[in-house]
Amino acid sequence: MKTQKLEILILFLCIFGFIGCDNKDEEGEKVTDYKEYSLTIASKKIPGVCWSDGFNYLSDVYAVKKENAQEWESLGVIDKFEFEKGYEYKVKISETNYLDYSMGNPAWTEYELLEIISKDRKDSENLPLHFIPKSYYENVQLPKYRYVVDADNNQKLIEEELEKESLIPLDFHYIFWRSEDKFLRCIAIKDDNNTLGPCIIKRKQSSGRNARILQITSSRGKCVWLWKMDFFR
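One structure accompanies this document, and this report is about it. One numbering rule holds for all chains: residues counted from 1, following each sequence as written. Totals for whole chains, interfaces and linings use every residue, but because this is a predicted model, local features are given only for residues with pLDDT of at least 70 and side-chain atom pairs only at 80 or more, for both listing and counting. Where side-chain values are given, they derive from all heavy atoms of the structure, hydrogens and water being excluded.

1. Comments concerning the overall build of the protein
To be explicit about the condition: The secondary structure listing takes helices from DSSP runs of H or I that are at least 4 residues long and strands from runs of E that are at least 2 residues long, numbered from the N terminus. When accessible area is computed with a 1.4 Å probe and restricted to protein chains, residues below 20% of their type maximum are described as buried, those above 50% as exposed, and intermediate ones as partly exposed. The contact definition used throughout considers only heavy atoms, calling two residues in contact when any of these lie within 4.5 Å.
When helices and strands are counted, the protein shows 3 helices and 11 strands. When the 233 residues of the protein are sorted by exposure, 32% land in the buried category. Counting only contacts in the protein whose residues sit at least 6 apart along the sequence, the fraction spanning at least 24 positions is 51%.

Here it is as structure tokens:
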């Protein structure tokens, strides 16, 4: 008798659970929180990690400060906001949190511009070099490369020097992404205190049918590295 009552109770709980799930699905999209506040937006975007549809990806993000905050934070997208590099903005935005159990990602947040309070031409101060967390860049494998020395003289000496000192630091994590200006960019991160870049990568055709120049340029236009690459079949 006790066993029969227990089975009935378990069946009732399972049915109640299924009904609860169905009710959630039927509710559809709903707003769980809404607030408005002011932000300072820095005069340039910075490499950071965005999240979409369950995946992390590298992109140029806004550096922002909330009211009375001292540290810059990252923010990926602000709807209806047209950013112009070289200007620091003070804006009012809305932050809306949504919930929809029919979606693959049931909870998300959207930011929307409400008002531009001020727009000043200036270089924002004390900006970090990037907003890439350690958990992200440490998953990028350290670089390895091979080379062929083609020299009439001192070929062995050149090979020995290359073995002693590599062309690029091999203890940095090199991360690449395509920025909004369509340039391929690179940042190299060893740890939170040691960073190279971000830089712009340009490929140029040089003399010779299969030779190309790989030029890595800093964000200010200064050439950082310049390599000649010969492609062999």
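2. Considering the nonpolar core
General note: in soluble globular proteins, nonpolar side chains tend to be found buried as a group. Which entries qualify depends on this criterion: As used here, the term nonpolar core means buried Ala, Val, Leu, Ile, Met, Phe, Trp, Tyr and Cys residues forming a set that is joined through side-chain atoms within 4.5 Å.
Judged by nonpolar contacts, the single largest core of 13 residues is most densely connected at Leu39, Ile41, Tyr62, Ile78, Phe81 and Val91. The set of elements that each furnish at least two residues to this core consists of β1 (30–41), β3 (55–66) and β5 (87–99). In terms of residue count, the dominant contributor to this core is β5 (4 residues). Other than its neighbours up to four places away in sequence, Leu39 contacts Val64, Lys65, Lys66, Leu75, Tyr89, Lys90, Val91 and Ile93.

3. Overview of the pattern of salt bridges
How we decide: Take a side-chain nitrogen of Lys or Arg and a carboxyl oxygen of Asp or Glu: if they are within 4 Å of each other, that pair is a salt bridge.
Applying the stated criterion across every chain yields a total of 7 salt bridges. Ionic pairing is found between Lys80 and Glu112, a salt bridge with its closest N-O pair at 3.1 Å. Of the two residues, Lys80 sits in the loop between β4 (73–75) and β5 while Glu112 sits in strand β6 (residues 107–121), which places them 32 residues apart along the sequence. Residue class for Lys80 comes out exposed when judged on its relative accessible area of 66%. Residue classification places Glu112 among the partly exposed residues on the basis of a relative accessible area of 28%. The shortest N-O distance in the salt bridge between Lys134 and Glu138 comes to 3.9 Å.

4. Structural notes on the side chain of Ser94
Here Ser94 lies in strand β5. With sequence-adjacent residues up to four places away left out, Ser94 is seen in contact with Tyr34, Lys35, Glu36, Glu110, Tyr111, Glu112 and Leu114.

Function cannot be inferred from these measures alone, as they are strictly geometric.
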